[in-house]
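So the chains spell out like this:
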Amino acid sequence: MADRAHLLVVDDEAGIREMLSEYFALHDFEVRSAPDAASARLVVSEFRPQLVFLDLNMPGENGLSLARWLRENVPGCGIVMLTAMADTVDRVVGLELGADDYVAKPCDLRELLARARSVLRRIVRT
């Protein structure tokens, strides 16, 4: 990727936000993070992400609602649900509500990087 892809990490766990932010910054991503949906909306207003890693279970507004908002307000943005909710029903609902991919925690960072690059390749082509 010639230009740095813009990535937003939305997760209420500070350790996960920090780990993903550091890892993806090392792999030439421009990264911002947010602890909840309200903060994510503020970040999006000044930093247009190309890809969002989104937790489902957060205090206040959940990730499914934020995914709907992202689909309506950030055209072309990729969404990867990154959550501990790994039941088939949860995955199906997440994908049907607009996620491009769904990854259960814990996950390998190398796999997450490969999935992020895959989603970005599909977005660039469309």
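Treat the numbers as computed from the prediction; the structure is a model and nothing was measured. (Residues numbered from 1 in each chain as written. Predicted model: local features only at pLDDT ≥ 70, side-chain atom pairs only at ≥ 80, totals over all residues. Heavy atoms only, no water.)

1. Details of the overall build of the chain
In terms of helices and strands, the chain carries 5 helices and 5 strands. Secondary structure elements of the chain occur, N-terminal to C-terminal, as β-α-β-α-β-α-β-α-β-α. Within the chain, the fraction of its 126 residues that count as buried is 43%. Separation between the mean location of the 15 positive side-chain charges and that of the 20 negative ones in the chain comes to 6 Å. (Helix = DSSP H or I, 4+ residues; strand = E, 2+ residues; numbered from the N terminus. Buried < 20%, exposed > 50% of the residue type's maximum accessible area, 1.4 Å probe, protein only. Lys, Arg positive; Asp, Glu negative; His and termini not counted. Charge placed at Lys NZ, Arg CZ, Asp CG, Glu CD.)

2. Re the pairing of strand S2 (residues 29-34)
In the sheet, strand S1 (residues 5-10) pairs with S2 via 6 bridges, with the strands oriented parallel. Within S2, the position partnered with Leu 7 by the bridge is Val 31. Between the parallel pair S1 and S2, the chain is carried across by helix H1 (residues 14-26), and the sense of this crossover is right-handed. (Pairing = 2+ DSSP bridges. Right-handed = clockwise from strand over helix to strand, strands pointing away.)

3. Examining the sheet that holds S1
Within a beta sheet, neighbouring strands are joined by backbone hydrogen bonds and run either parallel or antiparallel to one another. Read from one edge of the open sheet, 5 strands run S2-S1-S3-S4-S5, paired in parallel fashion. Pairing within the sheet leaves two strands with one partner each, and these edge strands are S2 and strand S5 (101-104). Strand-to-strand, the axes of this sheet are offset by a mean angle of 20 degrees, without reference to chain direction. Across 4 bridges, the pairing between strand S3 (residues 51-54) and strand S4 (residues 78-83) is parallel. Paired with Val 52 across the strands is Ile 79, a residue of S4. The strands touched by helix H3 (residues 63-73) within the sheet are S1, S3 and S4, with S4 carrying the most contacts at an inclination of about 175 degrees. (Axes fitted to C-alpha atoms, helices over the stretch in contact; angles between N-to-C directions. Contact = heavy atoms within 4.5 Å.)

4. Focus on the packing of helix H2 (residues 37-46) against H3
Where H2 contacts H3, the two axes come as close as 10 Å, and the packing angle between them is 20 degrees. Put simply, H2 runs roughly parallel to H3. For the pair H2 and H3, the crossing hand works out as right-handed. Of the residues in H3, those touching H2 at Ala 37, Ala 40, Arg 41 and Val 44 are Leu 66, Trp 69 and Leu 70. The class makeup of the residues in the contact of H2 with H3 is 6 nonpolar, no polar and 1 charged. (Parallel < 35°, antiparallel > 145°, perpendicular 65-115°, else oblique. Left-handed = near helix turned anticlockwise from the far one by under 90°. Nonpolar A, V, L, I, M, F, W, Y, C, P; charged D, E, K, R; others polar.)

5. Some points on unusual backbone geometry
With an omega of -10 degrees, the peptide bond running from Lys 105 to Pro 106 counts as cis. You can see Pro 106 is positioned in the loop between S5 and helix H5 (109-125).

6. Structural notes on the pairing of S4
Among the 6 residues in S4, 6 count as buried, and that is most of the element. Viewed along the sheet, the connection from S3 through H3 into S4 turns out right-handed. Note: S4 against S5, 4 bridges, orientation parallel. Paired with Met 81 across the bridge in S5 is Tyr 102.

7. Digging into the side chain of Asp 55
Tracing the backbone through its elements, the reader meets Asp 55 in the loop between S3 and H3. For Asp 55, a relative accessible area of 4% gives the class buried. A polar side-chain atom of Asp 55 sits 3.4 Å from a polar atom in the side chain of Thr 83. Apart from the residues lying within four places of it in its own chain, the contact partners of Asp 55 are Val 10, Asp 11, Asp 12, Gly 63, Leu 82, Thr 83 and Lys 105. (Polar contact = N/O pair within 3.5 Å; in protein donor to acceptor, adjacent residues only side chain to side chain.)

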